[in-house]
Amino acid sequence: MFQTILFYVFAAIVLFGAVQTVTAKSPVHAALYLVLTFCTSALMWMLMQAEFLGIVLVLVYVGAVMVLFLFVVMMLDINIDRIRQGFWSYLPLGAMLGLLMVMEMGLVLGSKYFQVPAAEALVPAGVSNTKAIGALMFSEYVYPFELASLI
């Protein structure tokens, strides 16, 4: 029961951060709200016992990508007033594309192809998620992993 409540609290924070990222007036504030969204998403991964994915999200996106993004945004001299002049003319197109993406996500996530099997069948008891991912990555998927490292 507590995990369910915590999940919904984190989901509300993620939605708040995502909306604020898109609607923030300052690019720096938008980037900071995106950091909030990433960190809370990592907490949701941790809550679902996917520790590896949560840590990777924090290290890669918050630790590297967002720091680089903030550095670039702060170094540029962006004229925000000039950018916002044509906002309302693009709103109908943006709303239509947003609704199209929501419909596509609903179709994909609602299909039977993406049904999640029972959690007990995924990882046996006493084995950590990170250990299971590492064992699978370096045994069954070793060649794709090596190919990805070369690319």
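This is a predicted model, so every value here is computed, not measured.

## A word on unusual backbone geometry
- Although it is not a glycine, Gln49 adopts a positive phi angle of roughly 60°.
- Tracing the backbone through its elements, the reader meets Gln49 in the loop between α2 (27-47) and α3 (51-75).
- A relative accessible area of 55% places Gln49 in the exposed class.

## Section: the side chain of Thr40
- In this fold, Thr40 is placed in helix α2.
- Those residues within four positions of Thr40 in sequence are excluded, and the remaining contacts are Phe10, Ile13 and Val14.

## As for the packing of aromatic side chains
- Evaluation of the coordinates by the stated rule reveals four aromatic pairs.
- On the basis of an interplanar angle of 80° and a centroid distance of 4.9 Å, the ring pair of Phe138 and Phe145 is categorised as edge-to-face.
- The class for Phe145 is partly exposed, based on a relative accessible area of 31%.

## As for the nonpolar core
- Ranked by size, the top nonpolar core spans six residues in total: Ala31, Val35, Phe38, Val62, Met66 and Leu70.
- Of all elements in the fold, only α2 and α3 reach the threshold of two or more residues within this core.
- When residues no more than four places from it in sequence are discounted, the contact partners of Met66 are Ala31, Leu34, Val35, Phe38 and Tyr61.
- Phe10, Ala11, Met44 and Leu47 belong to the second largest nonpolar core, which has five residues in total.

## Considerations on the packing of α2 against α3
- Put simply, α2 and α3 touch, their axes get as near as 8 Å, and they point 175° apart. Comparing the axis directions of α2 and α3 gives the class roughly antiparallel.
- The residue inventory of the contact of α2 with α3, partitioned by class, reads 22 nonpolar, two polar and one charged.

## Some points on helix α1 (residues 2-23)
- Between its terminal C-alpha atoms α1 stretches 32 Å, which fits the 32 Å expected from 22 residues at 1.5 Å a residue.
- What α1 keeps buried is the set Phe10, Ala11, Val14, Gly17 and Thr21. When α1 is viewed along its axis, its buried side chains cluster within an angular range of 130° and face the same direction. Within α1, the exposed residues directed more than 90 degrees away from the buried face are Tyr8 and Leu15.
- Structurally, α1 contributes buried residues whose contacts are with α2.

## Notes on the confidence of the model for the protein
- Of the residues in the protein, 85% reach a pLDDT of 70 or more, and the chain-wide mean stands at 81.
- Mean pLDDT per element in the protein: helix α6 (residues 119-122) is the minimum at 52, and α1 is the maximum at 90.

What counts and how
- Residues numbered from 1 in each chain as written.
- Predicted model: local features only at pLDDT ≥ 70, side-chain atom pairs only at ≥ 80, totals over all residues.
- Heavy atoms only, no water.
- Helix = DSSP H or I, 4+ residues; strand = E, 2+ residues; numbered from the N terminus.
- Buried < 20%, exposed > 50% of the residue type's maximum accessible area, 1.4 Å probe, protein only.
- Contact = heavy atoms within 4.5 Å.
- Phe/Tyr/Trp six-rings, centres within 6.5 Å; stacked < 30°, edge-to-face > 60°.
- Core = buried A, V, L, I, M, F, W, Y, C linked by side-chain atoms within 4.5 Å.
- Axes fitted to C-alpha atoms, helices over the stretch in contact; angles between N-to-C directions.
- Parallel < 35°, antiparallel > 145°, perpendicular 65-115°, else oblique.
- Nonpolar A, V, L, I, M, F, W, Y, C, P; charged D, E, K, R; others polar.
- Expected span 1.5 Å × (residues − 1).
- Arc of directions from axis to C-beta.
- pLDDT = per-residue confidence, 0-100.

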